[in-house]
Amino acid sequence: MADGLFFWENDLKNGLSIDGLEKVAFFKGLGSVADKIVRETQIAERLFEKYNLDASIDDLKRAMTLAKADLMSEMVYEFTELQGLMGYYYAKEAGESDAVALAIKEQYLPEGEDSALPSTPLSAIVAMSIKLDTLLGLFSVNQIPTGSRDPFALRRAVNGIIRIVNEYGFEFDIQKDMAQLANNYEGDIDLEKLENFILERVKRYYKVNPSIIEAVLASGERELLAMGKKIEALNSLVNSEGFAEVSSTFKRVANITKDIDLSKTVVVDASLLREDAEKALYKRYSEVVAKSYDSYEEELDALLALKPELDNFFDNVMVNVEDEALKNNRKALIASIYKSILNIADIKEVSI
């Protein structure tokens, strides 16, 4: 207790300062802790602008600058587990704003699966930026976790990013956003390896049938917030009554469209619709896609509700007719439906 009081009083006399952090090495090839602060701040400013945060940019910059300052304190030197927490108390004593002090305190959150999250959007940006820099920095010097070896807890960092994104509604694309942030690093970052590393964490993060996650990833979705919402939406429908029957119909849809390039625009010519069943399907599909939906689950539910019209189409309409224009138009109709579903998930990947 006496030692703690001594350290506290000495640290208050010295003040909260980052002087000396330029001499504290972070990792070979990544410079000092002071260099890390610069990179973290660059990321934080980008995220602040991206999310149009209703907070003070000055508070953000101040929090990023002082986040590691307590590493120079006598208290944290003796009791390393107090890093962040002591920074909070020293910041309060130094007259820093509540937002800055809180962000310093919460910079390492979440620390595990059941850990608390940062309690404000500003704190969340600080914590997310620190995790992103550690992840990008170590990948830039090829320090990629293998097997159970993960000395810098990069897997935990990714889990933390996923949790923060979901909690605060922060859109973050692991291809586009990561590619932009990677420009801050001198080393070559293998973005494909980084993406795969993050996706492996996604696959373990969501406690659902693994094929549901694969179905969403097969759609090409790489934005973490939307990815999570799509996984939850598909999981809800997969576990609903009657999904097996629905799935069989839409796997037939997928089979018919397997030779069509769905990355290109698919056009249906309404004037070439001949049979009542194809006219009814086109009409119903047009109504479904004309609506706006409040959630992926609602949109997916509406698309899968096309099953009766699709079954009627398959029972009464021949797709592979001799007339090339009719055949291609019917394939285009089915492809349009599947393409709309594929915006959420590739349903043929789901195994139940």
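Owing to the predicted nature of the structure, the values given are computational and were not obtained by experimental measurement. (Residues numbered from 1 in each chain as written. Predicted model: local features only at pLDDT ≥ 70, side-chain atom pairs only at ≥ 80, totals over all residues. Heavy atoms only, no water.)

**Observations concerning the overall build of the protein chain**
At step 1: What the protein chain contains, in helices and strands, is 17 helices and 0 strands.
At step 2: For 352 residues, the compact-globule estimate of 2.2 N^0.38 gives 20 Å, and the protein chain exceeds it by more than 25% at 26 Å.
At step 3: With respect to the three principal axes, the spread of C-alpha positions in the protein chain is 90 × 35 × 35 Å.
At step 4: When the accessible surface of the protein chain is totalled, it reaches about 17700 Å², and 46% of it is carbon and sulfur.
At step 5: One finds the centroid of the 41 positive side-chain charges in the protein chain at a distance of 5 Å from the centroid of its 61 negative side-chain charges. (Helix = DSSP H or I, 4+ residues; strand = E, 2+ residues; numbered from the N terminus. Rg over C-alpha atoms; globule rule 2.2 N^0.38 Å. Areas by Shrake-Rupley, 256 points an atom, 1.4 Å probe, with all protein chains shown as cover. Lys, Arg positive; Asp, Glu negative; His and termini not counted. Charge placed at Lys NZ, Arg CZ, Asp CG, Glu CD.)

**What to know about helix α10 (residues 191-205)**
At step 1: Taking 1.5 Å per residue as the helical rise, α10 with its 15 residues ought to reach 21 Å, and the 21 Å between its terminal C-alpha atoms agrees with that figure.
At step 2: All buried positions along α10 are accounted for by Leu194, Glu195, Phe197, Ile198, Leu199, Arg201 and Val202.
At step 3: The backbone nitrogen of Glu192 lies 3.2 Å from a side-chain oxygen of the residue at the head of α10, namely Asp190. (Expected span 1.5 Å × (residues − 1). Buried < 20%, exposed > 50% of the residue type's maximum accessible area, 1.4 Å probe, protein only. Polar contact = N/O pair within 3.5 Å; in protein donor to acceptor, adjacent residues only side chain to side chain.)

**Some details on the packing of aromatic side chains**
At step 1: Following the criterion strictly, the structure yields 8 aromatic pairs and no others.
At step 2: A ring pair is formed by Tyr168 and Phe170, whose centres lie 5.7 Å apart and whose planes are at 20 degrees; its orientation type is stacked.
At step 3: Among the residues examined, Tyr168 registers a relative accessible area of 22% and is labelled partly exposed.
At step 4: Taking relative accessible area as the criterion, Phe170 reaches 5% and is therefore assigned buried.
At step 5: Taken together, the ring pairs in this structure connect Phe26, Phe27 and Phe152 into an aromatic cluster.
At step 6: Over the ring of Tyr88 we find Lys105; its NZ or CZ atom is 4.7 Å from the centre of that ring. (Phe/Tyr/Trp six-rings, centres within 6.5 Å; stacked < 30°, edge-to-face > 60°. Lys NZ or Arg CZ within 6 Å of the ring centre and 35° of its normal.)

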